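Observations on the model geometry
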Amino acid sequence: SRLTPRVGGGSAFFVRHHHVTSMKKCLFTFASVLLLQLQTGVAASPEEEARFVASVKQAFEKHDAEGLIALTCWDRVTDKSKDFGKRHFAKMVARTATDFTLTNPDPQYPVGEAKHADGVTYNLNLPLVKQLKVVLSVKDKIKDEADAYGMIILNVGEKYGKLYLLEPAPVK
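What comes next concerns the included structure. (Residues numbered from 1 in each chain as written. Predicted model: local features only at pLDDT ≥ 70, side-chain atom pairs only at ≥ 80, totals over all residues. Heavy atoms only, no water.)

Some thoughts on helix α4 (residues 79-93)
Here is the rule: Where helices and strands are cited, they refer to DSSP runs of H or I of at least four residues and of E of at least two residues respectively, numbered from the N terminus. To estimate the expected span of a helix, subtract one from its residue number and multiply by 1.5 Å. Whether two residues are in contact is decided by their heavy atoms, any of which lying within 4.5 Å being enough.
An ideal rise of 1.5 Å per residue puts 21 Å on 15 residues; α4 measures up with 21 Å between its terminal C-alpha atoms. Structurally, α4 contributes buried residues whose contacts are with α2 (46-61), α3 (65-70), β3 (121-124), β5 (151-159), β6 (162-165) and β7 (168-170).

This is how it looks when you write it as structure tokens:
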């Protein structure tokens, strides 16, 4: 009869199928988290930290934006953001730097998600593990007020034990 509730096959199959789907999602999530931990969990050695700081210092000494570009992780960064980042690096290395200090992230300079005018939310493209504080010479001729800062804080991430400068990328 049409009023008799259906029993059996259909609902049991659905429950099992739902269980398998949930299990697959759980395993995929676990594998993703594990991979992320492996990717970022390999701590950079003191030698890597020294190499990274020396490379940034050399880029500033030679006024070589390409040196900073080569030290940057560009994963997931949009073309528009890449262009902006490259122009920004050129402006930075035009200045004279007097000191370079790699530190743990400073809570005074928080980093978080930011929503841009295009409605897209951006965040750093790797987890933040260090910050590189670059002190700039006050003797430089400053072309405009936007350049009138005495220190640059560069965000640094780690991938497979290697340090990289970070850029904002759309949040997945």
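Details of the nonpolar core
Filter applied, for reference: To qualify as a nonpolar core, a set must consist of buried Ala, Val, Leu, Ile, Met, Phe, Trp, Tyr and Cys residues joined through side-chain atoms within 4.5 Å. Burial here depends on accessible area, computed with a 1.4 Å probe over protein chains only, as a share of the maximum for the residue type. Under 20% is buried, over 50% is exposed, and the range in between is partly exposed.
Ranked by size, the top nonpolar core spans 27 residues in total, and within it Phe60, Leu68, Leu132 and Val134 carry the most contacts. Counting residues per element, this core draws most heavily on α2, at 5 residues. Excluding residues within four positions of it along the chain, phenylalanine 60 makes contact with Leu68, Met92, Val93, Arg95, Ala97, Phe100, Val134, Leu136 and Ile152. Counting 5 residues, the second largest nonpolar core, distinct from the first, contains Cys73, Leu126, Tyr164 and Leu166.

Let's talk about the environment of valine 56
Residue position: valine 56 is located in helix α2. Here valine 56 falls in the buried class, since its relative accessible area comes to 0%. Among residues more than four places away in sequence, those in contact with valine 56 are Leu68, Leu71, Phe100 and Leu132.

Points about the pattern of salt bridges
As a reminder of what qualifies: Salt-bridge detection follows one rule: a side-chain nitrogen of Lys or Arg within 4 Å of a carboxyl oxygen of Asp or Glu.
By the definition in use, this model includes 4 salt bridges. Between arginine 51 and glutamate 48 there is a salt bridge, with the nearest N and O atoms lying 2.7 Å from each other. A residue pair is termed a helical-turn pair when its members lie 3 or 4 positions apart in one helix, as arginine 51 and glutamate 48 do in helix α2 at 3 residues. Judged by its relative accessible area of 11%, glutamate 48 falls in the buried class. With its nearest N and O atoms 3.8 Å apart, the salt bridge here joins lysine 130 to glutamate 49. Here glutamate 49 lies in helix α2 and lysine 130 lies in strand β4 (residues 128-136), a separation of 81 residues in the sequence. Taking the relative accessible area as the measure of exposure, glutamate 49 reaches 24% and is therefore partly exposed.

Section: unusual backbone geometry
Backbone geometry follows two general trends: most residues other than glycine have a negative phi, and most peptide bonds adopt the trans configuration. Notably, histidine 63 is not glycine yet its phi reads approximately 55 degrees, a positive angle. In this model, tyrosine 160 sits at a positive phi of 55 degrees, which is unusual for a non-glycine residue. In this structure tyrosine 160 comes out as exposed when scored by relative accessible area, which is 56%.

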